[in-house]
Amino acid sequence: MTPYYITTTLPYVNADPHIGFALEIIQADALARYHRLQGDEVLFNTGTDEHGQKIYEKAIKEGKDTQAYVDEYAAKFDRLKEALNLTYTNFIRTSDPNHKKAAQEFWNRCLANGDIHKDQYQTKYCVGCELEKSDSELVDGKCPVHPNLELETRDEENYFFAFSKYQKPLQDLYLANPDFVIPDYRFNEIKSFVDAGLKDFSISRVKEKMPWGVPVPGDENHVMYVWFDALVNYISTLGWPNEEGDFKKFWPGVQVAGKDNLRQQSAMWQAMLLSASIEPSKQVFIHGFITSGGQKMSKSLGNVVDPFTLVDEFGTDAVRYYLLREIPSHDDGDYSADRMEERFAELANQLGNLVSRVAAMAGKYFDGKLDRVDRDWSEQNAKLDLCMKNYDFKTYTDQIFQVVSDANEIIDKKAPFKLVKTDEAGAKKILSELADMIRFIGQSLLPIIPVSAQEILNRYAGEKIIVGDPIFPRRD
RNA sequence: CGCGGGGUAGAGCAGUCCGGUAGCUCGCUUGGCUCAUAACCAAGAGGUCAUUGGUUCAAAUCCAAUCCCCGCAACCA
């Protein structure tokens, strides 16, 4: 069995699970399932990113012990497994003792390689908020809450990672791996970013101000900046620094991430790996963002889509179907209740109805017993395989639904329900071919809508085709 | 001159590299069928391909300029 390792990014636990993360983990799940069906041995990792300033502040605000706070959130995210029918094998939490040890060992490797040094880190401080502000928080160079106050500049001594050293090695890595980042325009984006020159980045925080992080080895005054520790999860989940076992078997792997993570995944993390003398990732797949009703999701607009609510209303498979087919696999997409309804209707009317009508005819005319047809599907399968290699779940599903559409067309054009009155053998032949198409459809849809696809296969696998209740009952 | 993506039928997109009568899905209208979850099948309507100028026998596609939208602008996870 060929080992296949796929991992999502770790969601930061300062908010409830977001539909955008649901998209990411469903994409990863589809790949994991697909590879399992191909006979690969799959390790599928996800988890939670639990350190850093924002979490520390949020826990204080909610009056909770920080560890208790993150425990609560980790459990919440783990509930996605059931809600979305996910098959991840690993759930790494960055507050796990093993992960912390790995992060420290990683730090030491980079340090030993001469890539970690101290430097001054400048922060902008708003006296009004009594908080440090990042540039992206500022409006016209001022604190948006206190625009009448001048910001103070404060220096802080931090540890820095020698990112600038890795411009050439990263360029070489990209050159040697022309498919390193998918899609290609994201790859171009990161290449031009690296070509423009790299600045060393800060990888620690002063513990006094922000204690919620992995201690920097050999310096009790600093904790790691959350990025540095979080990225190490991709290997700590494999048991690293133990280089035997899962690490040896599964690394390097495929990383799935949102477009906001392009730099961290495809440049910073790769430089860190090079520094620690670890093989770079195999590939990075970047997906887009989901808008809601055409607008950015925000609490103030009240258009935030909660994956749990969605599943309660439409069911797991329909939500998976929507995210994998409606949303462009590589680009931004939109969620709207109307489109969700339409997509559900499509499942019911095209696929569900096809399964029903063929089963009904088989039952009515031939007691459910049809001839076994074994059409050669290798050409279609090759196309589907290409879609998965390109992380194009939308086209993958489109192609299967082309077969659904073909099958519905055949029924109308050849009208086996009419033909059976004059040519029973002819009708049986048509239905048998249709049943074979349905089995292909069911098999191919297993990574996309696992429960429904399996149900289809169950109904059509045996000696006798089973007539059952609607797989996707119409919604009123 | 910060970087990148984009502007093609009501909606979402393909086509642009390698110019040659504008295509897909959904929605809409009409017709057909009755096996089926009132589902399915077929036909049709609907577009100055952001704008302006240029090259060409011919431009959504090449060139130039302009307008508009969306990200990012690194230590914000």
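Provided above is the structure to which this section pertains.
Since the model is a prediction, treat every value here as computed from it, not as a measurement. (Residues numbered from 1 in each chain as written. Chains lettered and ligands numbered in written order. Predicted model: local features only at pLDDT ≥ 70, side-chain atom pairs only at ≥ 80, totals over all residues. Heavy atoms only, no water.)

(A) Structural detail: the overall build of chain A. The secondary structure content of chain A amounts to 19 helices and 15 strands. For chain A, the C-alpha atoms occupy an extent of roughly 90 × 45 × 40 Å along the three principal directions. Buried residues in chain A amount to 51% of all 476 residues. Within chain A, residue pairs in contact and separated by at least 24 positions form 76% of the contacts whose partners lie at least 6 positions apart. With an accessible surface of roughly 21,700 Å², chain A has 48% of that area assigned to carbon and sulfur atoms. Each charge class in chain A can be summarised by its mean position, and for the 56 positive and 74 negative side chains these summaries are 4 Å apart. (Helix = DSSP H or I, 4+ residues; strand = E, 2+ residues; numbered from the N terminus. Buried < 20%, exposed > 50% of the residue type's maximum accessible area, 1.4 Å probe, protein only. Contact = heavy atoms within 4.5 Å. Areas by Shrake-Rupley, 256 points an atom, 1.4 Å probe, with all protein chains shown as cover. Lys, Arg positive; Asp, Glu negative; His and termini not counted. Charge placed at Lys NZ, Arg CZ, Asp CG, Glu CD.)

(B) Expanded view of helix α14 (residues 337-366). With 30 residues, α14 should cover 44 Å at 1.5 Å per step; its first-to-last C-alpha distance of 41 Å lies within 8% of that length. A bend of about 35 degrees at Asn353 is the largest found in α14. At the C-terminal side of α14, Asp367 shows a positive phi close to 55 degrees. (Expected span 1.5 Å × (residues − 1). Bend = angle between axes of the 7 residues up to and from the residue.)

(C) View of the environment of Asp172. Summarising the element assignment, Asp172 is placed in helix α6 (residues 167-176). We classify Asp172 as partly exposed; its relative accessible area is 36%. A sequence separation of 105 residues divides Asp172 from Gln67, and the C-alpha atoms of the two residues are 41 Å apart.

(D) Region of interest: the packing of helix α16 (residues 393-414) against helix α18 (residues 424-445). Packing of α16 against α18 leaves a shortest axis separation of 10 Å and a crossing angle of 165 degrees. Of the possible angle classes, the one that applies to α16 and α18 is roughly antiparallel. The hand of the α16/α18 crossing is left-handed. Contacts from Tyr396, Thr397, Ile400, Phe401, Val403, Val404, Asp406, Ala407, Ile410, Ile411 and Lys414 in α16 reach Ile430, Leu434, Met437, Phe440, Ile441, Ser444 and Leu445 in α18. (Axes fitted to C-alpha atoms, helices over the stretch in contact; angles between N-to-C directions. Parallel < 35°, antiparallel > 145°, perpendicular 65-115°, else oblique. Left-handed = near helix turned anticlockwise from the far one by under 90°.)

(E) Region of the structure containing the sheet that holds strand β2 (residues 41-48). Pairing in this open sheet of six strands is parallel, and the strands run β3-β2-β1-β12-β13-β7 from one edge to the other. Each end of this open sheet is capped by a strand with a single partner; those strands are β3 (90-93) and β7 (181-182). The pairing of strand β12 (residues 254-258) with strand β13 (residues 283-287) spans five bridges and is classified as parallel. Counted as the bridge partner of Gly258 is His287 from β13. Helix-sheet contacts for helix α11 (residues 262-275) involve β7, β12 and β13, and the interaxial angle to β12 is about 140 degrees. (Pairing = 2+ DSSP bridges.)

(F) Region of interest: the sheet that holds strand β10 (residues 215-216). Read from one edge to the other, the open sheet built from three strands follows the order β9-β11-β10, with strand pairing classed as antiparallel. Edge positions in the sheet fall to β9 (204-206) and β10, since each has one partner strand and no second. Two strands pair when backbone bridges link them, and β10 and strand β11 (residues 219-224) are joined in this way by two bridges, in the antiparallel orientation. Pairing of Val216 across the sheet is with Asp219, part of β11.

The values are spatial; any link to function lies outside them.
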